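The residues making up each chain are set out below.
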Amino acid sequence: MSRRETNCATLDAGALERGAASLGVSLSAAQLDLFREYYLGLTEWNARMNLTTVTSWESVQERHFLESLTVAEAVSQEALDDGRFVDVGTGAGLPGIPLMIAFPHMRGTLVDSTAKKVGFLESMGERLGLSRMTAIHGRAETLAHRGDLREGFDLALARAVARMPILAELTLPFCRVGGQVVVHKTSRAESEIQSAVHAIETLGGRLGRTMTPSCDGADSGRVLVTVEKVSPTPARYPRRPGMPAKRPLMLG
Ligand code: SAH
């Protein structure tokens, strides 16, 4: 038996399987194996570069995989069946890769401004056979002006990338009218969320709901914030790289 098979076989995925089931997501043995393989890839690459500070199998299942899958509670069944999503500032592929493992017909475009991370994503996509995944190196501020990406997605996702007024400018331009932005935040972020209303409305969005996912095993202090895309984003947004963070779209 190869070292990889030995490693894989010893990873008990019970927590992941139960947590996913509590979200209404049933994972097959083959899908659980893909999660194990993703974990092994993360661990191998993490030895060479900084991908994640969460490293034990237990905590990766809870804080990375299950937390990513909670998006399933916030979006429509159609989006899960064959939706197109962009994951802005995906890092090691979170939440995008867990969603593509669990929902193999979703088409995910993973964006990150760090070239080395995109190298990891490309390698992982191949290793996991994620043929519907595209990884793009670049900044959201630039990529959102590309004709094939602007307003080209049903969903725009982001976790742990920026504060909400900034994040609105990095995500909403990718979303088609009628689509949705879904971002992970902590339950303490309510004032941050409210401070983004001006940015959201300027960019063609409308603040939706903040929901607490019910997922066995995932961190209960997390919420998902949804924003509906109700009208096209004015052509001047996003502003040039760095500007959304330097001068967040806020009143006063
Ligand atoms: N979403 C991942 C990674 C969060 S770290 C997770 O939840 O674990 C934030 C990531 O966003 C980093 O990898 C960084 O390179 C990327 N990033 C930050 N600003 C960006 C921008 N303007 N455009 C694209 N990627 C960006």
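What counts as what
Residues numbered from 1 in each chain as written. Predicted model: local features only at pLDDT ≥ 70, side-chain atom pairs only at ≥ 80, totals over all residues. Heavy atoms only, no water. Buried < 20%, exposed > 50% of the residue type's maximum accessible area, 1.4 Å probe, protein only. Helix = DSSP H or I, 4+ residues; strand = E, 2+ residues; numbered from the N terminus. Pairing = 2+ DSSP bridges. Axes fitted to C-alpha atoms, helices over the stretch in contact; angles between N-to-C directions. Contact = heavy atoms within 4.5 Å. Polar contact = N/O pair within 3.5 Å; in protein donor to acceptor, adjacent residues only side chain to side chain. Phe/Tyr/Trp six-rings, centres within 6.5 Å; stacked < 30°, edge-to-face > 60°.

A. Molecular detail of the pairing of strand 7 (residues 222-229). Of all 8 residues in strand 7, 6 are buried; the element is thus mostly enclosed. Sheet topology note: the strand 6 (residues 205-211)/strand 7 ladder contains 5 bridges and is antiparallel. When the bridges of strand 7 are listed, Leu-207 appears paired with Val-227.

B. Summary view of the sheet that holds strand 2 (residues 107-112). Spatially, 7 strands are ordered 3-2-1-4-5-7-6 in an open sheet, and the strand pairing comes out mixed. The open sheet has two edge strands, strand 3 (133-137) and strand 6, and neither has a second partner. Pairs of neighbouring strands in the sheet enclose a mean axial angle of 20 degrees, with direction left out of account. Looking at chain direction, strand 1 (residues 84-88) and strand 2 are connected through 5 bridges and run parallel. From the neighbouring strand, Val-86 faces strand 2, where its bridge partner is Thr-109. Where helix 9 (residues 164-171) meets the sheet, it contacts strand 1, strand 4 (153-159), strand 5 (175-186) and strand 7, and its direction lies at approximately 145 degrees from that of strand 5.

C. A look at the side chain of Arg-159. In this fold, Arg-159 is placed in strand 4. Given the relative accessible area of 14%, Arg-159 is considered buried. Within the structure, the side chain of Arg-159 is placed 2.8 Å from the backbone oxygen of Arg-63, a separation counted as a polar contact. Side chain to side chain, Arg-159 and His-64 meet in a polar contact 2.9 Å long. Arg-159 has contacts with Arg-63, His-64, Glu-67, Gly-89, Leu-94, Pro-95 and His-184, leaving out every residue within four places of it along the chain.

D. Examining helix 4 (residues 57-69) more closely. Buried residues dominate helix 4, accounting for 10 of its 13 residues. Within helix 4, the full set of buried residues consists of Trp-57, Ser-59, Val-60, Gln-61, His-64, Phe-65, Leu-66, Glu-67, Ser-68 and Leu-69. For helix 4, the secondary structure elements touched by its buried residues are helix 2 (14-22), helix 3 (29-46), helix 6 (96-102), strand 4, strand 5 and strand 7.

E. The arrangement of the packing of aromatic side chains in detail. Summed over all chains, the structure comprises 6 aromatic pairs. Where Phe-35 meets Phe-65, the ring centres are 5.0 Å apart and the plane angle is 50 degrees; that geometry is what we call tilted. Here Phe-65 lies in helix 4 and Phe-35 lies in helix 3, a separation of 30 residues in the sequence. The interplanar angle of 55 degrees and the centroid separation of 5.1 Å between the aromatic rings of Tyr-39 and Trp-57 together place this pair among those described as tilted.

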